[in-house]
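# Notes for the structure review
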Amino acid sequence: ISVSSLQTVEVYRGRSRASGAKRGILWGAGIGAALALANVVLPEREACTTCRDGVCTTLTDLEQTAVVILGGMVWGAGIGAIVGRERWEPVQLGGRSRTGQRAVPAERIRVGVRMAL
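What this report covers is the structure whose coordinates are included nearby. All chains use their own residue numbering, which begins from 1 and follows the written sequence. In keeping with the predicted nature of the model, local features appear solely for residues at pLDDT of at least 70, side-chain atom pairs appear and are counted solely at 80 or more, and the whole-chain, interface and lining totals rest on all residues. Only hydrogens and water are set aside when side-chain values are computed; all heavy atoms of the structure are taken into account.

### Observations concerning the overall build of the protein chain
- Scanning the protein chain from N- to C-terminus turns up 2 helices and 6 strands.
- Secondary structure elements are taken from DSSP: a helix is a run of H or I of four residues or more, a strand is a run of E of two residues or more, and numbering for both begins at the N terminus. Ordered by position from N to C terminus, the α and β elements of the protein chain give β-α-β-β-α-β-β-β.
- Accessible area is worked out with a 1.4 Å probe on protein chains only. A residue is then buried under 20% of its type maximum, exposed over 50%, and partly exposed in between. Put simply, the protein chain has 117 residues, and 13% of those count as buried.
- For the protein chain, long-range pairs separated by at least 24 residues make up 71% of all intrachain contacts whose partners lie at least 6 apart in sequence.
- Of the roughly 9600 Å² that the protein chain leaves accessible, carbon and sulfur atoms contribute 59%. Contacts between residues were defined by any pair of non-hydrogen atoms, one from each residue, lying within 4.5 Å. Values of accessible area rely on a 1.4 Å probe in the Shrake-Rupley scheme; residue burial ignores everything except the protein chains shown.

Structural data, given as structure tokens:
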């Protein structure tokens, strides 16, 4: 690969847990909203009740929707923080460059680029 044919080069900077949690919140909210919509639209469902000290309360559709969406957001944030999100930073091309090849097994291909800036 010639350096002149490269359009962009990015460097892997690890995983960001905070960025993964933010993305997870969005995914969780979307999935929670879809589940909440299904819960509201499905006919003849049993009401969600909470009983304390002999007093039972039923959640409204709005309350059930909020609980499901918030639950999805919490789960999404947790999973996103565990998995993380990859961070890539662009590198300015320029300076001297040298490419090299190494003999590797047929099932794996590696490309290496060394640049002196």
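From this point, things continue past the structure.
### Some points on the environment of R23
- Within the secondary structure, R23 sits in helix α1 (residues 17-41).
- For the pair formed by R23 and M73, sequence separation is 50 residues and the distance between their alpha carbons is 9.9 Å.

### Overview of a nonpolar patch on the surface
- A contiguous nonpolar patch, built from W75, I79, I82 and V83 and spanning about 490 Å² of accessible area, is present on the exposed surface.
- With respect to the helices, strands and loops of the structure, V83 is situated in helix α2 (residues 61-83). Residues qualify for a patch when their relative accessible area is over 30% and they have no salt bridge, like charges being joined within 9 Å and the nonpolar side chains of Val, Leu, Ile, Met, Phe, Trp and Tyr within 5 Å. Every case where a carboxyl oxygen of Asp or Glu lies within 4 Å of a side-chain nitrogen of Lys or Arg is listed as a salt bridge.

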